[in-house]
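Structure assessment
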Amino acid sequence: MEDIEDVVAGGPPPGLMRLPITTVGLKPRKARPIKISTPPSIPSTRATHIPGTQSDSEYMAGLLSAFGYSMTENPEEADLWLINTCTVKSPSQSAMDTLILKCKALGKPLVVAGCVPQGSQNLKELEGVSVIGVQQIDRVVEVVEETLKGHEVRLLRRSTLPALDLPKMRKNKFIEILPINVGCLGACTYCKTKHARGHLGSYSVENLVNRVKSVILEGVREIWLSSEDTGAYGRDIGVNLPTLLNALVAELPPDRSTMLRIGMTNPPFILEDLEEIAKVLCHPCVYSFLHVPVQSGSDPVLNAMNREYTVNDFKKVVDTLMQLVPDMQIATDIICGFPGETDEDFLQTMNLIQEYKFPHVHISQFYPRPGTPAARMKKVPSHVVKQRSRELTTLFESFEPYRGMEGRIERIWVTETATDGLHLVGHTKGYVQVLIVAPDSMLGTSVDVKITSVGRWSVFGDIIGTPYGREEMSLCSPPFVDPTCKNSTEKDVRLATPEKIACESCNCGLVENGNIQGISPMPVATERNTSNENVHSCNCKTFMGSINNLLFRKQKDQTSLIQNLGYTLACNKQKDMVSLPGKLSSLDWVLVSGALLSLFAIVAVLVQLAFEKGSNTTNMLTE
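Residues numbered from 1 in each chain as written. Predicted model: local features only at pLDDT ≥ 70, side-chain atom pairs only at ≥ 80, totals over all residues. Heavy atoms only, no water.

Another aspect to go through is the overall build of the protein chain. The number of helices and strands found in the protein chain is 16 helices and 25 strands. Buried positions account for 53% of the 623 residues belonging to the protein chain. Within the protein chain, contacts between residues separated by at least 24 positions form 74% of all contacts whose residues are at least 6 apart in sequence. For the protein chain, the exposed surface amounts to about 28,300 Å²; the carbon and sulfur share of it is 54%. (Helix = DSSP H or I, 4+ residues; strand = E, 2+ residues; numbered from the N terminus. Buried < 20%, exposed > 50% of the residue type's maximum accessible area, 1.4 Å probe, protein only. Contact = heavy atoms within 4.5 Å. Areas by Shrake-Rupley, 256 points an atom, 1.4 Å probe, with all protein chains shown as cover.)

Here you go:
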């Protein structure tokens, strides 16, 4: 489902995937036949158009699917539209208004869900349409079916939090967006979301842990914690964020096949837990990335916004995390032209961004939201707001956050396809976006890459190994060591290319020049030799591994962007050797020879048939 924010936003950074707007339809049921009028292209279906995003939208799509509804790609063929809305910014609501007018012009039944109807129940645009609030998404099927019958439904009363184990249809099957709470404890003067989402309501640690367990079993490779303010989690139920994070991390697979990304958090509620949060961010299964909105570099403006922190508080958060977490990446937000912002205030904001050179800054112009205190404040002239936005954007885009990454070896987690259709998108431990050329079978895996070039928004890498934990794509399982290895240190986990250490107690390691090279207990990115003189040492050789290597070699010849697998691996110190990628085993040569003989036989038969046909033709002419 597409978010209203996505509809009005500019294009995504290069390489990021933008999913298409999708729709859902109702399959006819034998127990209750439904008379329908649908185009010939999708016979016997009813379609429900759903632009929307994140966990709420995925849950609604899953519920509709579980009750017999299906997805369709053409909104104009839909019999009902369901729009999941956002109320953070004015352009978001304007986009919703446009969609509503288009839907009414097409004569489609309409359901509007999300923050807009919950926070602005008396909007003129919502007259004559069904609406469903943010905490009633578990009843979306009832609302849709009643609307299809011609009834107008308004379901906005807040109730208990929706269950986390509802059916869900993910936009990306490898990514689970997990809401840990709804609402917040803040009272920002410009924010409309609080009107819709209400006061803080947190899910229990037990429920969230159970959800993490279940999605890992479903094959999810990234878990994104979602919240209006992650740092405020649990303050309504007597727990805190570090308690939750430690419980969730304990459930993540030790092979690092599934990663956790912590959601957006405001400075006030993480100040007292900074060191504990830093420890979690250092964990091998947690991305070293955090979104901490500052909104302004001026204390007077922050006070007018009622943000409940100072610029120094924000700096303490950033400085602490950058000091304690290797390769830490921090994103932030800025609102340009907040009422009362002076030139001096804006200069302080510019200086703050210049000082830290954040790799990600979400810049927006102030839009007054009806019903908020900021809407009654004296506005900064619009031309000034636009000029400040342009100046800040120019400064931000001048940064080179990934300069110096060339040549580094990084482990990345691959979960998306780039918009250009040529690359897959992966992320490093620090959540740097890496574009690689690889087959779609790489989606949902992690692999080591060598960074070959850097851009403003992402970096490019060449694969130097097979995916971790993907035996059918490799000659052997990735190397692991005994966690009790005395020479495996915490330092090894944090390094992209751990130091070469020897450990006789480890069962597996890297072999180079006849020496066993130990690796860290967690499967971090390891040094790999690309020399064709190295060999694999493993008793688990497979024909599929050779086929995979041949495919990778062919792709390298065509694109020069994927390197052959070329590292030396010893498994259980076995001495039997297997050929490197690019060299075939005896079984492979037998199969290739058989294929060639078959080809020769076919050619011989065709030649014989052609000769006989020519002879018959000659005889007929003679007669």
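A few words on the nonpolar core. If you look at the biggest cluster of nonpolar residues, it comprises 93 residues, and the most contacted ones within it are Val 140, Leu 208, Ile 223 and Leu 321. Each residue touching Leu 208, except ones within four places of it in the same chain, is listed here: Leu 164, Leu 178, Pro 179, Ile 180, Tyr 203, Tyr 233, Leu 244 and Leu 248. Residues Tyr 402, Met 405, Ile 436 and Ala 438 belong to the second largest nonpolar core, which totals 17 residues. (Core = buried A, V, L, I, M, F, W, Y, C linked by side-chain atoms within 4.5 Å.)

Okay, the packing of aromatic side chains next. Applying the stated criterion to the full structure yields nine aromatic pairs. Plain terms: the ring middles of Tyr 190 and Phe 338 are 6.1 Å apart, the flat faces sit at 80° to each other, and that makes the pair edge-to-face. Note that Tyr 190 is positioned in the loop between β9 (181-182) and α6 (193-197) and Phe 338 in the loop between β14 (329-336) and α12 (343-356), a separation of 148 residues in sequence. Of the two residues, Tyr 190 and Phe 338, both sit in the buried class. When the ring centre of Phe 396 is taken as origin, the NZ or CZ atom of Arg 456, which lies over that ring, is 4.4 Å away. (Phe/Tyr/Trp six-rings, centres within 6.5 Å; stacked < 30°, edge-to-face > 60°. Lys NZ or Arg CZ within 6 Å of the ring centre and 35° of its normal.)

This part covers the sheet that holds strand β11 (residues 222-226). The strand order across the open sheet built from three strands is β8-β11-β12, with neighbouring strands paired in parallel fashion. The open sheet has two free edges, formed respectively by β8 (175-179) and β12 (259-261), since each of these has just one partner strand. The sheet shows a mean angle of 20° between the axes of neighbouring strands, taken without regard to direction. Taken together, the five bridges between β8 and β11 define a ladder with parallel strand orientation. Residue pairing for β11: Glu 176 is matched across the bridge by Ile 223. The strands that helix α2 (residues 54-66) touches are β8 and β11; relative to β8, the one it contacts most, it runs at about 105°. Sheet contacts for helix α7 (residues 205-217): β8 and β11; angle to β8, the most-contacted strand, approximately 170°. (Pairing = 2+ DSSP bridges. Axes fitted to C-alpha atoms, helices over the stretch in contact; angles between N-to-C directions.)

Here the focus is the sheet that holds strand β18 (residues 433-436). The strand order around the closed barrel formed by five strands is β16-β17-β18-β20-β19, and the pairing between neighbours is mixed. In this sheet, adjacent strand axes meet at a mean angle of 55° when their direction is disregarded.

With that settled, the discussion passes to the state of the cysteines. All chains considered together, the criterion is met by zero disulfides. Unpaired in this structure, Cys 188 has its nearest cysteine sulfur neighbour in Cys 191, at a distance of 5.9 Å. (Disulfide = S-S within 2.5 Å.)

To continue, consider α2. In a regular helix each residue adds 1.5 Å, so 13 residues correspond to 18 Å; α2 covers 18 Å between its end C-alpha atoms and thus fits that length. By the burial criterion, the buried members of α2 are Ser 55, Asp 56, Ser 57, Glu 58, Tyr 59, Met 60, Ala 61, Gly 62, Leu 63 and Leu 64. Two residues or fewer past α2, Gly 68 is found with a positive phi of approximately 100°. (Expected span 1.5 Å × (residues − 1).)

Across six bridges, the pairing between strand β16 (residues 409-417) and strand β19 (residues 445-454) is antiparallel. Considered in β19, the bridge of Glu 410 is made with Val 449.

Once that is clear, we can look at the environment of Tyr 402. Assignment of secondary structure puts Tyr 402 in the loop between α13 (382-397) and β16. As for Tyr 402 and Val 459, which are separated by 57 residues in sequence, their C-alpha atoms are 7.3 Å apart. When neighbours within four sequence positions are excluded, Tyr 402 is seen to be in contact with Gln 329, Pro 359, His 360, Val 432, Val 454, Gly 455, Arg 456, Trp 457, Ser 458 and Val 459.

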